[in-house]
Amino acid sequence: MAQSQNTKVDLTTPGTSFMGLSKYGNVMVGDKAFEFYNDRNPEDYIQVPWDEVDYVAASVMFGRWIPRFAIFTKENGSYSFSTKDNKRTLRAVRSYVPADRLVKSPTFFGVVKQGIKHLFHRS
């Protein structure tokens, strides 16, 4: 059985983890860590302590809709999630991650533009 790292929970909401195949479960934002617990398998969980978080990138569409967000860690890569209310989840995360570490991820066209700019700058 998985043991939570949190002593106080700020938010619990249904969510989806996008690690490999999509997994459905519950996201928990607490005072010690960001946690995801799978509904079907209690031993399948993700715990990211706040001191391991490098930054959080949110995908913003049409200026206000946030379909998903990713947590980038200092050593273990990134984890992508979506919750029932992503804005509310990111507001809860904001109290543990500094504001300069909450960023907007580049759009599809922004990535293409950077790639083209890099190709011509390289020559």
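It should be emphasised that the depicted structure is a prediction, and the values quoted were computed from it without experimental measurement.

## Section: the sheet that holds strand S7 (residues 78-83)
If you trace the 8 strands from one edge of the open sheet to the other, you get S4-S3-S2-S1-S7-S6-S5-S8, paired in mixed fashion. With partners counted over all chains shown, the strands left at the sheet margins are strand S4 (45-49) and strand S8 (102-104), one partner each. Taken pair by pair, the neighbouring strands of this sheet meet at an average axis angle of 30 degrees, ignoring direction. Pairing of strand S5 (residues 53-61) with strand S6 (residues 65-73), which is carried by 7 bridges, proceeds in the antiparallel orientation. Residue Val53 lies in a different strand from S6, and its bridge partner there is Thr73. Helix-sheet contacts for helix H1 (residues 86-94) involve strand S1 (9-17), strand S2 (23-30), strand S3 (33-38), S5, S6, S7 and S8, and the interaxial angle to S6 is about 35 degrees.

## Comments concerning a positive patch on the surface
Taken together, Arg64, Lys87, Arg91 and Arg94 make up a surface patch of like positive charges. With respect to the helices and strands, Arg94 occurs in helix H1.

## So, H1
Taken as a whole, H1 has its buried residues at Asn86, Thr89, Leu90, Ala92 and Val93. The arc that holds the buried residues of H1, viewed along the axis, is 155 degrees, so those residues lie on one side.

## What about the side chain of Asn86?
Inspection of the secondary structure assignment puts Asn86 in helix H1. Asn86 has contacts with Ile66, Pro67, Arg68 and Phe69, leaving out every residue within four places of it along the chain.

## Quick notes on a nonpolar patch on the surface
Taken together, the side chains of Phe108, Phe109, Val112, Ile116, Leu119 and Phe120 make up a nonpolar region of the molecular surface, amounting to roughly 720 Å² of accessible area. With respect to the helices and strands, the residue Val112 is situated in helix H2 (residues 108-122). Accessibility expressed as a relative area gives 36% for Val112, which makes it partly exposed.

## Notes on the pairing of S1
The pairing of S1 with S2 spans 8 bridges and is classified as antiparallel. Within S2, the residue paired with Leu11 across the bridge is Val29. When S1 meets S7, the two strands line up antiparallel, connected through 3 bridges. What sits directly across from Gly15, in S7, is Thr83.

## Overview of the confidence of the model for the chain
Averaged over every residue, the pLDDT of the chain is 89; the share at 70 or more is 98%. Looking over the chain, one finds the lowest element-wise mean pLDDT in H2, namely 84, and the highest in S2, namely 94.

## Some thoughts on the nonpolar core
Counting 20 residues, the largest nonpolar core has Val29, Phe34, Val56, Phe69, Ile71 and Phe81 as its most contacted members. When residues of this core are traced back to their parent elements, those giving at least two are S2, S3, S4, S5, S6, S7 and H1. What Phe34 contacts, discounting residues up to four positions off in sequence, is Val27, Met28, Val29, Ile46, Gln47, Val48, Trp50, Phe69, Ile71, Phe81, Thr89 and Val93.

Definitions and cut-offs
Residues numbered from 1 in each chain as written. Predicted model: local features only at pLDDT ≥ 70, side-chain atom pairs only at ≥ 80, totals over all residues. Heavy atoms only, no water. Pairing = 2+ DSSP bridges. Helix = DSSP H or I, 4+ residues; strand = E, 2+ residues; numbered from the N terminus. Axes fitted to C-alpha atoms, helices over the stretch in contact; angles between N-to-C directions. Contact = heavy atoms within 4.5 Å. Patch = residues over 30% accessible without salt bridge, like charges linked within 9 Å, V, L, I, M, F, W, Y side chains within 5 Å. Areas by Shrake-Rupley, 256 points an atom, 1.4 Å probe, with all protein chains shown as cover. Salt bridge = Lys/Arg side-chain N within 4 Å of Asp/Glu carboxyl O. Lys, Arg positive; Asp, Glu negative; His and termini not counted. Charge placed at Lys NZ, Arg CZ, Asp CG, Glu CD. Buried < 20%, exposed > 50% of the residue type's maximum accessible area, 1.4 Å probe, protein only. Arc of directions from axis to C-beta. pLDDT = per-residue confidence, 0-100. Core = buried A, V, L, I, M, F, W, Y, C linked by side-chain atoms within 4.5 Å.

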